[in-house]
Protein chains: 2
Amino acid sequence: MMKELENKLEQKEVRPTAMRLLVLETLQKQKAAVSLQDLEDTFEKADRVTLYRTLKTFQEKGLIHSIEDGTGATKYALCQEGCECAPEDMHVHFFCNSCEDTFCLPKFKIPEVSLPEGFVPMETNLLVKGVCVNCTA
Amino acid sequence: MMKELENKLEQKEVRPTAMRLLVLETLQKQKAAVSLQDLEDTFEKADRVTLYRTLKTFQEKGLIHSIEDGTGATKYALCQEGCECAPEDMHVHFFCNSCEDTFCLPKFKIPEVSLPEGFVPMETNLLVKGVCVNCTA
DNA sequence: CCTAAAAACGCAATTCCATTGCACGTTTTA
DNA sequence: TAAAACGTGCAATGGAATTGCGTTTTTAGG
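None of the values given here were measured: they were computed from a predicted structure.

A.B. asks: Before we go on, may I ask you to explain the protein's contact with DNA strand C in this structure?
C.D. replies: Residues in contact with DNA strand C amount to 17 residues; listed here are only the nearest, A:Arg15, A:Arg20, A:Arg53, B:Tyr52 and B:Thr74. Within the contact set of DNA strand C, a base oxygen lies 2.5 Å away from a side-chain nitrogen or oxygen of A:Arg53. Looking at the surface near DNA strand C, the elements with two or more residues in it are helix H2 (18–29) and helix H4 (48–60) of chain A together with helix H4 (48–60) of chain B. With four residues, H4(B) is the largest single contributor of residues to the surface near DNA strand C.

Okay, here's the thing in C-alpha cells:
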C-alpha cells in the first residue's frame with residue numbers, strides 16, 4: 001500500500017520521504033480539504049515548516065491544489081481521479097458555514113463566464129458557501 | 001459634491017465624518033478594488049485602525065463589499081449602480097496577474113451552478129484570474 | 001564502500017495582515 | 001448641559017505565511 005503512495009509521488013517527481021508518504025496518506029483519507037494547522041494537529045511531532053514545505057512541494061508538482069475559503073487559512077486537497085489540477089480543469093469548492101469544512105467538487109464544472117472585452121481569463125475559482133450534505137440532516 | 005457623498009452615507013445610516021467622506025470619495029474614484037494598505041498609502045496621516053474600522057463600518061452598512069483575491073490582503077470595492085451588495089446579487093471579480101489589480105464586474109452574473117444532492121448554496125463567489133484590459137495591450 | 005553534492009528537515013525568527021483594548025475628544029440626545 | 005454614544009488614535013496582540021540557516025539524510029560518482 002505504501003508502494004502505491006510511493007509510485008504516486010515518483011510519478012510527479014517528488015521524492016518519497018517518510019514525511020511525505022505520511023502526509024500523502026493523510027490527504028488521501030480526507031473527505032474535506034485540510035489546512036496546515038490540521039496537519040500540524042495530525043502530526044504533532046512534525047515541524048510546522050516541514051509540513052508547510054511538503055504542501056508547497058506537492059502543490060508545485062501538481063499533486064494537490066490550494067483553496068481559499070475565506071477563513072483566512074489556506075486549505076489543501078488532493079485532486080480526485082480525472083482532475084489534473086490544471087488551470088483549465090476548474091472545479092467548484094464548497095464551504096459549509098455550519099461545520100466549516102471545505103469540499104472539492106470535481107464533478108461539478110464551472111460554467112463558462114463571459115467577461116468584458118479585453119479581459120483574458122486564465123484560471124477560475126468558484127467558491128460556494130452554504131450548508132453541506134452532512135449538516136442538512 | 002461633498003453633499004452627495006454625505007447623502008450617500010446617511011442613506012446607509014453611516015454618520016458622515018470627515019474621514020469617512022474622504023474614504024468614500026477615494027473609493028468612488030477607483031477603477032480597481034483597494035486594500036487597507038492602499039488606503040494607508042493614500043492617507044498617510046490617517047491611522048491604520050481608523051481606516052480599518054471605516055471599511056468595516058462601510059461593509060456592515062452595505063456601502064462596500066470585500067474581495068479575497070488570493071493575494072492575502074482583502075480588497076474592498078464600492079458597488080456600482082444596480083448592485084445591492086446582497087448575497088443574492090453575486091457578481092464576478094477579476095484579478096489581473098500582471099498588474100495585480102482586482103476588478104469588480106457587476107454586469108457579469110455568475111451562472112447557476114449545480115451541486116451534489118444535499119448541498120444547499122447560500123452565497124457564491126467567482127474569482128477569475130487572468131490578464132485585464134489594461135495589460136493586454 | 002566512501003565521499004562530495006544535493007535535497008530534506010528542524011528550529012528560530014520575521015513579516016504581513018487583521019484585530020482588539022483602552023484612553024481621549026467629539027457629537028448626539030434626553 | 002450633562003450623560004451617553006460614537007469616532008479616533010496609539011499601543012499591543014494574534015494568526016498565518018514565509019525565510020534563513022545549520023544539521024541531517026539521501027543520492028550519485030569514484
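A.B. asks: Help me understand the nonpolar core, please; the structure alone is not making it clear to me.
C.D. replies: It is characteristic of soluble globular proteins that their nonpolar side chains tend to be buried jointly. Counting 27 residues, the largest nonpolar core has A:Phe94, A:Leu126, B:Phe94 and B:Leu126 as its most contacted members. For this core, the secondary structure elements donating two or more residues are strand S4 (91–96), strand S5 (102–109) and strand S6 (120–131) of chain A together with strand S4 (91–96), strand S5 (102–109) and strand S6 (120–131) of chain B. Judged by nonpolar contacts, the second largest core, of 19 residues, contains A:Leu5, A:Val34, A:Phe43 and A:Leu55.

A.B. asks: Could you clarify how one ought to interpret the protein's contact with DNA strand D in this entry?
C.D. replies: What surrounds DNA strand D is a group of 17 residues, the closest being A:Tyr52, B:Arg15, B:Arg20, B:Thr50 and B:Arg53. Each atom of DNA strand D within 4 Å of the protein was assigned to sugar, phosphate or base; sugar and phosphate come to 68%. A:Thr74 places a polar main-chain atom, nitrogen or oxygen, 3.0 Å from a phosphate oxygen of DNA strand D. Measuring from a phosphate oxygen of DNA strand D, one finds a side-chain N or O atom of B:Arg20 at 2.7 Å. The element best represented in the surface near DNA strand D is H4(A), accounting for four residues.

A.B. asks: Got a minute to help me understand the sheet that holds strand S1 (residues 34–35) of chain A in this structure?
C.D. replies: By way of backbone hydrogen bonds, the strands of a sheet pair with one another, either parallel or antiparallel. Residue and element names in this part refer to chain A. Taken in spatial order, the three strands of this open sheet run S1-S3-S2, and their pairing is antiparallel. Only two strands of the sheet have a single neighbouring strand rather than two, namely S1 and strand S2 (64–68). Two elements, S1 and strand S3 (residues 74–78), share two bridges in a ladder whose sense is antiparallel. Across the sheet, Ser 35 pairs through a bridge with Lys 75, a residue of S3. Relative to S2, H4 is tilted by about 110°, and along the sheet it contacts S2 and S3.

A.B. asks: Teacher, can you tell me more about a negative patch on the surface here?
C.D. replies: All names here are of chain A. A contiguous patch of negative charge, built from Asp 38, Asp 41, Glu 44, Glu 100 and Asp 101, is present on the exposed surface. Position of Asp 41 among the secondary structure elements: in helix H3 (residues 36–42). For Asp 41, a relative accessible area of 46% gives the class partly exposed.

A.B. asks: What should I look at first to understand the interface of chain A and chain B in this one?
C.D. replies: Many analyses report the size of an interface as the accessible area lost when the parts associate. Each partner contributes to the interface: chain A provides 33 residues, whereas chain B provides 33 residues. Each partner contributes to the roughly 2,700 Å² buried at the junction of chain A and chain B, and carbon and sulfur atoms together form 71% of this total. Applying the counting rule to chain A against chain B returns zero salt bridges. Viewed at the interface, chain B and chain A are joined by ten residue pairs in polar contact (both at pLDDT 80 or more). Those elements that place two or more of their residues in the side of chain A that touches chain B are S4, S5 and S6 of chain A. At twelve residues, the largest contribution of residues to the side of chain A that touches chain B is made by S6(A). Here the residues of the side of chain A that touches chain B are counted per class, giving 20 nonpolar, eight polar and five charged. The pairing of S6(A) with S6(B) spans eleven bridges and is antiparallel.

Basis of the calculations
- Within every chain, residues take consecutive numbers counted from 1 along the sequence as written.
- Whichever chain is written first becomes A and whichever ligand is written first becomes 1, with later ones labelled in order.
- This being a predicted model, a pLDDT of at least 70 is required before a residue's local features are given, and a value of 80 or more before pairs of side-chain atoms are given or counted; all residues contribute to the totals for chains, interfaces and linings.
- Working from all heavy atoms in the structure, the side-chain values ignore hydrogens and water.
- Residues are counted as near a molecule or strand when any one of their heavy atoms sits within 4 Å of it.
- In protein, a polar contact requires one atom able to donate a hydrogen and another able to accept it; more generally it is a pair of N or O atoms within 3.5 Å, and residues adjacent in sequence count only if both atoms are side-chain atoms.
- A run of H or I in DSSP becomes a helix once it reaches four residues, and a run of E becomes a strand once it reaches two; helices and strands are each numbered from the N terminus.
- Note on terminology: a nonpolar core comprises buried Ala, Val, Leu, Ile, Met, Phe, Trp, Tyr and Cys residues joined through side-chain atoms within 4.5 Å.
- Burial classification: accessible surface area is computed with a 1.4 Å probe over protein chains only, and a residue below 20% of its type maximum counts as buried, one above 50% as exposed, and the rest as partly exposed.
- A pair of strands is treated as paired once DSSP finds two or more bridges between them.
- What makes two residues a contact is simply this: any of their non-hydrogen atoms within 4.5 Å.
- Between N-to-C directions, angles cover 0 to 180 degrees, with each direction set by a line fitted to C-alpha atoms, over the stretch in contact for helices.
- Residues form patches when they are more than 30% accessible in relative terms and have no salt bridge. Like charges link within 9 Å. Nonpolar side chains (Val, Leu, Ile, Met, Phe, Trp, Tyr) link within 5 Å.
- Accessible surface area values rest on a Shrake-Rupley calculation with a 1.4 Å probe, where residue burial reflects the displayed protein chains alone.
- We define a salt bridge as a contact between a side-chain nitrogen of Lys or Arg and a carboxyl oxygen of Asp or Glu at a distance within 4 Å.
- Lys and Arg are tallied as positive, Asp and Glu as negative. Neither His nor the chain termini are counted.
- Lys charges are placed at NZ, Arg charges at CZ, Asp charges at CG and Glu charges at CD.
- Using a 1.4 Å probe, buried area is obtained as the accessible area two parts lose upon being combined, added over both of them.
- Each residue is assigned to one class: nonpolar for Ala, Val, Leu, Ile, Met, Phe, Trp, Tyr, Cys and Pro, charged for Asp, Glu, Lys and Arg, and polar for all the others, Gly among them.

Such coordinate-based values are descriptive only and should not be taken to indicate function.
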